[in-house]
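Structural features, examined
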Amino acid sequence: MAAPCAEDPSLERHFKGHRDAVTCVDFSINTKQLASGSMDSCLMVWHMKPQSRAYRFTGHKDAVTCVNFSPSGHLLASGSRDKTVRIWVPNVKGESTVFRAHTATVRSVHFCSDGQSFVTASDDKTVKVWATHRQKFLFSLSQHINWVRCANDDKTVKLWDKSSRECVHSYCEHGGFVTYVDFHPSGTCIAAAGMDNTVKVWDVRTHRLLQHYQLHSAAVNGLSFHPSGNYLITASSDSTLKILDLMEGRLLYTLHGHQGPATTVAFSRTGEYFASGGSDEQVMVWKSNFDIVDHGEVTKVPRPPATLASSMGNLPEVDFPVPPGRGRSVESVQSQPQEPVSVPQTLTSTLEHIVGQLDVLTQTVSILEQRLTLTEDKLKQCLENQQLIMQRATP
């Protein structure tokens, strides 16, 4: 049985700054920052501390379709309709490195758990894996037969083994295009949102359909698992967010707030907050108010090694809780309890700080290399011009 909720979810913060529909949101690991992307081609980094000024990052030439903080929180990745991926240092300078990633719109970008590589998915029907610090393309995964939107318009969800680069399994039970896919924190299940208004949960070990929800009256555009694994939140073009109790297979809350389609939603790493974005250009931060005593900090559950989920779909659409309703379920999610790994907090903090500094140094070196290359090119041009002048001046 799932732990009961202490209070109803409540709207905590309300951010305005985008000039077009919000397409994506993601929290940093310490929940101090929230990133959002928009159809206005800009990336915003909002500070959770009251009265703090937001950062607006410009550089993409078209809509920003996806954002993701690195595990350390010191880097931020974004993908765009301009076919590129940018890796940003999320500070006041907003410096970035550009990856000419795909030949079509980049729909998804996500750092791997160690932060050493990241995965992109695109309308060019490929999923690509990149080295973060070496800023190098590693390899492609390409078995989708149409646009790949999350991590495809071929109505499938594909599970990949990153080590062998093989497609482990294809899930083809969606009646419409799949818009978004997310891994359960235990790594044993995936949830997929669909244009057919449904949400489905599969066991990645047995490939069985565990749960099937038909609760929204329009396309489901995004979803996110709570770190405990007991709850799932969805965002829909019917303008609502819905919170599902996965252990009991039922709807807990329907949340209203956005004036139009709710396009994206994401829990913070601790599950204390979740953020939503909509076509109304607004970003909303909600306090979960779930009973999170059992999973204290963040449940750092080990995931199965080297597996990736990919899906497909478009970015199309949140008032406060109404009484819970009932959802349809095939069976309860059966997740295996995991033994917590004890690591001294001081050591963890020190390592995270070192990794963060390395990220910053890597980006700084990259920017210096780019500037040095430009300087060398200009110097070469000056020397060539000088030689031409001297040749003309020679009788």
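A brief report on the enclosed structure follows. (Residues numbered from 1 in each chain as written. Predicted model: local features only at pLDDT ≥ 70, side-chain atom pairs only at ≥ 80, totals over all residues. Heavy atoms only, no water.)

**Looking at the overall build of the protein chain**
For the protein chain, the helix and strand inventory stands at one helix and 27 strands. Relative to its 395 residues, the protein chain shows a buried fraction of 54%. When the accessible surface of the protein chain is totalled, it reaches about 18,300 Å², and 52% of it is carbon and sulfur. (Helix = DSSP H or I, 4+ residues; strand = E, 2+ residues; numbered from the N terminus. Buried < 20%, exposed > 50% of the residue type's maximum accessible area, 1.4 Å probe, protein only. Areas by Shrake-Rupley, 256 points an atom, 1.4 Å probe, with all protein chains shown as cover.)

**Overview of the pattern of salt bridges**
Opposite charge on two side chains allows them to pair when their charged atoms are near. One pass over the full model with this rule turns up six salt bridges. A salt bridge links Glu 272 to Lys 287; the nearest nitrogen and oxygen atoms lie 2.9 Å apart. Remark: Lys 287 occurs in strand 26 (residues 282-287) and Glu 272 occurs in the loop between strand 24 (262-267) and strand 25 (273-278); sequence separation between them is 15 residues. According to the relative accessible area criterion, Glu 272 is partly exposed, its value standing at 30%. (Salt bridge = Lys/Arg side-chain N within 4 Å of Asp/Glu carboxyl O.)

**Remarks on the packing of aromatic side chains**
Scanning the entire structure with this criterion turns up ten aromatic pairs. The interplanar angle of 80° and the centroid separation of 5.7 Å between the aromatic rings of Phe 99 and Trp 130 together place this pair among those described as edge-to-face. Of this pair, Phe 99 sits in strand 9 (residues 96-99) while Trp 130 is found in strand 12 (residues 127-131), placing the two residues 31 residues apart along the sequence. Put simply, the rings of Phe 99, Phe 111, Phe 118, Trp 130 and Phe 137 pair up and form one aromatic cluster. In this arrangement the basic side chain of Lys 128 is found over the ring face of Phe 137, its NZ or CZ atom lying 5.4 Å from the centre. (Phe/Tyr/Trp six-rings, centres within 6.5 Å; stacked < 30°, edge-to-face > 60°. Lys NZ or Arg CZ within 6 Å of the ring centre and 35° of its normal.)

**Points about the pairing of strand 11 (residues 117-122)**
Most of strand 11 is tucked away, with six of its six residues classed as buried. Neither face of strand 11 is exposed, since Ser 117, Val 119 and Ala 121 on one face and Phe 118, Thr 120 and Ser 122 on the opposite face are all buried. Where strand 10 (residues 106-111) hands over to strand 11, the hairpin turn is made up of five residues, of which Gly 115 adopts a positive phi near 75°. Across five bridges, the pairing between strand 11 and strand 12 is antiparallel. Its bridge partner lying in strand 12, Val 119 is registered against Val 129. (Pairing = 2+ DSSP bridges.)

**Structural notes on the sheet that holds strand 1 (residues 10-16)**
Reading across from one edge, 1-26-25-24 is the order of the four strands in this open sheet, with antiparallel pairing throughout. With one partner strand each, in any of the chains shown, strand 1 and strand 24 form the two edges of the open sheet. Neighbour-to-neighbour, the strand axes of the sheet open up by a mean angle of 20°, direction not taken into account. As judged from the five bridges shared by strand 24 and strand 25, these two strands associate in the antiparallel manner. Residue pairing for strand 25: Ala 262 is matched across the bridge by Gly 278. (Axes fitted to C-alpha atoms, helices over the stretch in contact; angles between N-to-C directions.)

**Let's talk about the nonpolar core**
With 15 residues, the main nonpolar core has Ile 233, Leu 241, Ile 243, Leu 255, Val 265, Phe 274 and Trp 286 as its most contacted residues. The next biggest cluster of nonpolar side chains, apart from the first, holds 14 residues, and it includes Ala 193, Val 201, Leu 210 and Leu 251. (Core = buried A, V, L, I, M, F, W, Y, C linked by side-chain atoms within 4.5 Å.)

**Thoughts on the sheet that holds strand 19 (residues 209-213)**
Strand order in the open sheet formed by four strands is 16-17-18-19, with antiparallel pairing between adjacent strands. Taken across any chain shown, the strands that pair with only one partner, and hence form the sheet edges, are strand 16 (178-183) and strand 19. On average, each strand axis in the sheet is inclined to that of its neighbour by 15°, with strand direction left out of account. Examined bridge by bridge, strand 16 and strand 17 (residues 189-194) share five bridges and lie antiparallel to one another. Directly across from Val 181, in strand 17, lies its bridge partner Ala 192.

**A word on the side chain of Thr 31**
For Thr 31, the location among the structural elements is in the loop between strand 2 (22-27) and strand 3 (33-38). Discounting residues that sit within four places of it in the chain, Thr 31 has contacts with Met 48, Ser 268, Thr 270 and Tyr 273. (Contact = heavy atoms within 4.5 Å.)

**What about the pairing of strand 21 (residues 231-236)?**
Summarising burial for strand 21: six of the six residues are buried, a large majority. Burial along strand 21 is two-sided: the face carrying Tyr 231, Ile 233 and Ala 235 and the face carrying Leu 232, Thr 234 and Ser 236 are both buried. In this structure, strand 20 (residues 220-225) lies alongside strand 21, joined through five bridges in antiparallel fashion. Bridged to Leu 223 within strand 21 is Thr 234. Count of turn residues in the strand 20/strand 21 antiparallel hairpin: five residues, of which Gly 229 carries a positive phi of about 85°. As judged from the five bridges shared by strand 21 and strand 22 (residues 240-245), these two strands associate in the antiparallel manner. When the sheet's bridge partners are listed, Leu 232 is paired in strand 22 with Leu 244. Linking two consecutive strands that pair antiparallel, namely strand 21 and strand 22, is a turn of three residues; a positive phi of about 80° is found at Ser 239 within it.

**What about the state of the cysteines?**
In this structure the tally under the stated criterion is zero disulfides. Unpaired in terms of disulfides, Cys 24 finds its nearest cysteine sulfur in Cys 66, a separation of 6.2 Å. For Cys 24, a relative accessible area of 5% gives the class buried. (Disulfide = S-S within 2.5 Å.)

Shape is all these values report; function is a separate question.
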